[in-house]
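Structure assessment
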Amino acid sequence: MSKNTITETKLVKGLKTKFNKQITEEYVEPNRIKISTSPTNLKAVALAIKELGFDQIISQGATDYPDDNLFRVEYHAICVSIKKFRRIMFAIMTTIPKNKPEIETLLDIWPSVEFHEQETFENFGITFLNHPRMERLLLPEDWDDIPPLRKDFSLPGRD
Amino acid sequence: MQVVDQGGDKMVLHVGPQHPGSGHFRIVITLDGDYIIDAKPDPGYVHRGAEKMAEYRTYIQNIPHLERPVIIDATGITLPYVLTAEKILDVEPPERAQYIRMIMAELNRIISHLYWLAIYGIFLGHSTMFMWPMGDRELFIDLAESIGGTRVTFSYVVPGGVRNDIPGGFKERALKTFQYFEKRIKEYEEIFFNNPLMQSRTVGIGILKKQNAVKLGITGPNLRASGINSDTRKDEPYCFYNKIRFDIPVYKEGDSYARCMVRLRELQQSMDIIRQVLDRMKPGPIKHVIRGVMRGEPGEAFVRTEAARGTMFYHIVSNGERFPYRVKISVPSFRNLIGMSHLLVGSRLADMPAIYWSLDYWPVEADK
């Protein structure tokens, strides 16, 4: 354990005690913690991280992995109110199958996630269940192609 | 502006997307008499798919490309990209380059804040406050141009360092400009910030409470105007911000006036930072030259920095190819947008311009 990751290691240890094998820590670096969990545990893990003091979502997105036939859904949480946690950022990852792109929204835990989830919905076709406004935000109203950030959508003239 | 009669006293008002002040952005407002009872932002008019296009460009080609969403704060959006790319490419820039990056980032913050101030002046019907900051902004653009080569789109920060060294005589010119502008800040305060007319339009208008600012994910000067002392330059220092002494202006009122004051005080702070950087800088190399095509190791990196409007965040996934596999950008305007509907509901229609532009929402940045 390096000296400058004491707080980070403690945070992960606390989560590990609570969730046991339901979460996997991928790395703990100075200021960065990346953990993954299953879609069913995501909400409970998110709530635990929020209760630690990580009160804002700085980014929410997804990545398409067509070879494995899955999407990775990503939440990046930061803390603005507690001084000692302000330098740390949590990356919470989960994977969902591409043929059933559905996941429960985290809007009730972090209200700041509202527009981010809408953006992921239109760009990847991932539906966030129980999100009150699962509708397009940035794409043109007459967009009738597949969601553009999926890997099987290629830019005209580029392939 | 399109008006839909809802019957009774209620009315739906479409502000934008051709509104002269809003940029290419629409907000659908429902009015009950003079009061706003619902406000639904409708972004996307300038959505260009920057994230998708970035997957088809090399790390170096992406610099001028990703600069486009917010050209008035060009270094603010390219610096975090380059810092993220450097983690993927595993390069460390030389010390002098880090300092020059800070100079450019702070010059860009001043340029961006002055642009905001000019538009805010004209939003409140104060045309002198449009002319003065726009004129003074040119002085800072000249300084940035002497380093970056162009007026606004510098593409100056590159993986491994910066494109070229600062020119001879820069320090003297910068200090002269700062000396002039410090006097101007006092004049700005006299004519605009201490003006009872301006205060009657902004004080107590659009109050964003501390707990709501945290809950809604508000960032940057808007968060600091609500009493939260959070700035990425202090929270997680990048470049050499940890070696510089500066204060973060924080106001606890959370109204439109507080948001204006935070930005006014940041102008002074940015000049103080540049002064210290110019004193600390030593001669040396400015670039770690990367030969051949830049290819990162498979992996990912995420970095945040403090741009003019708030925390800019990049998440880049690499699979070892010359193009990034995925580039996720989370921009401050997009995160602050949620605050707009929150603040407008319950306020009067006449207060809309004072609230809207006090958030410094930049539609092109939010739409990407």
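These numbers come from a predicted model, not from an experiment.

**What about the confidence of the model for chain B?**
Looking at chain B, the pLDDT average stands at 89 and 97% of residues meet or exceed 70. Both scores are given for the predicted complex: the pTM is 0.91, the ipTM 0.89.

**Topic: a negative patch on the surface**
On the surface, Glu141, Asp142, Asp144 and Asp145 of chain A cluster together into a patch of negative charge. For Glu141 of chain A, the location among the structural elements is in the segment after β7 (127-129).

**So, the sheet that holds strand β8 (residues 310-318) of chain B**
All names here are of chain B. What the 3 strands build is an open sheet, ordered β7-β8-β9; its pairing is antiparallel. Each edge of the open sheet is held by one strand with a lone partner, namely β7 (299-307) and β9 (326-330). Averaged over all pairs of adjacent strands, the angle between strand axes in this sheet comes to 10°, irrespective of strand direction. The pairing of β8 with β9 spans 5 bridges and is classified as antiparallel. Its bridge partner being in β9, Phe313 is matched across the sheet by Ser330.

**Side note on the pattern of salt bridges**
For the structure on display, the rule yields 37 salt bridges over all chains. Close ionic contact of Arg72 of chain A with Glu300 of chain B constitutes a salt bridge, the shortest N to O distance being 3.0 Å. Of the two residues, Arg72 of chain A sits in strand β4 (residues 70-78) while Glu300 of chain B sits in strand β7, which places them in two different chains. Of the two residues, Arg72 of chain A and Glu300 of chain B, both sit in the buried class.

**A word on the interface of chain A and chain B**
Tallying the contact residues gives 48 residues for chain A and 43 residues for chain B. Broken down residue by residue, the surface that chain A buries against chain B is led by Arg86, Phe115 and Leu138 of chain A, which jointly contribute 17%. Seen at the junction of chain A and chain B, the total is 7 salt bridges. Close ionic contact of Glu135 of chain A with Lys40 of chain B constitutes a salt bridge, the shortest N to O distance being 3.8 Å. For the side of chain A that touches chain B, the secondary structure elements donating two or more residues are β2 (32-37), β3 (56-65), β4, β5 (89-97) and α3 (114-124) of chain A. Looking at the side of chain A that touches chain B element by element, the count peaks at 10 residues for β3 of chain A.

**Quick word on the nonpolar core**
For soluble globular proteins, nonpolar side chains are generally found buried alongside one another. By size, the foremost hydrophobic cluster in this structure holds 125 residues, and its most contacted members are Leu107, Phe140 and Phe193 of chain B. Considering each element in turn, this core owes the most residues, 16 residues, to helix α4 (residues 95-123) of chain B. What Leu107 of chain B contacts, discounting residues up to four positions off in sequence, is Phe140, Leu143, Ala144, Ile147, Phe170 and Ile274 of chain B. Residues Phe71, Cys79, Phe85 and Ile109 of chain A belong to the second largest nonpolar core, which totals 35 residues.

**Comments concerning the packing of aromatic side chains**
All names here are of chain B. As enumerated under the stated definition, the model contains 24 aromatic pairs over all chains in all. Here Phe302 and Phe313 contribute two aromatic rings whose centre-to-centre distance is 6.4 Å and whose plane-to-plane angle is 40°, an arrangement assigned as tilted. With Phe302 in strand β7 and Phe313 in strand β8, this residue pair connects regions lying 11 residues apart in the sequence. What makes Phe302 buried here is its relative accessible area of 3%.

**Comments concerning the packing of helix α1 (residues 6-19) of chain A against helix α2 (residues 42-52) of chain A**
Residue and element names in this part refer to chain A. Where α1 contacts α2, the axes come no closer than 11 Å and their chain directions differ by 140°. The angle between α1 and α2 falls in the class oblique. When you trace α1 past α2, the crossing you get is right-handed. Judged by residue contacts, Leu11, Leu15, Lys18 and Phe19 of α1 engage Ala44, Val45, Ala48, Ile49, Glu51 and Leu52 from α2.

Analysis parameters
- Residues numbered from 1 in each chain as written.
- Chains lettered and ligands numbered in written order.
- Predicted model: local features only at pLDDT ≥ 70, side-chain atom pairs only at ≥ 80, totals over all residues.
- Heavy atoms only, no water.
- pLDDT = per-residue confidence, 0-100.
- Patch = residues over 30% accessible without salt bridge, like charges linked within 9 Å, V, L, I, M, F, W, Y side chains within 5 Å.
- Areas by Shrake-Rupley, 256 points an atom, 1.4 Å probe, with all protein chains shown as cover.
- Salt bridge = Lys/Arg side-chain N within 4 Å of Asp/Glu carboxyl O.
- Lys, Arg positive; Asp, Glu negative; His and termini not counted.
- Charge placed at Lys NZ, Arg CZ, Asp CG, Glu CD.
- Helix = DSSP H or I, 4+ residues; strand = E, 2+ residues; numbered from the N terminus.
- Pairing = 2+ DSSP bridges.
- Axes fitted to C-alpha atoms, helices over the stretch in contact; angles between N-to-C directions.
- Buried < 20%, exposed > 50% of the residue type's maximum accessible area, 1.4 Å probe, protein only.
- Contact = heavy atoms within 4.5 Å.
- Buried area = accessible area lost by both parts, 1.4 Å probe.
- Core = buried A, V, L, I, M, F, W, Y, C linked by side-chain atoms within 4.5 Å.
- Phe/Tyr/Trp six-rings, centres within 6.5 Å; stacked < 30°, edge-to-face > 60°.
- Parallel < 35°, antiparallel > 145°, perpendicular 65-115°, else oblique.
- Left-handed = near helix turned anticlockwise from the far one by under 90°.

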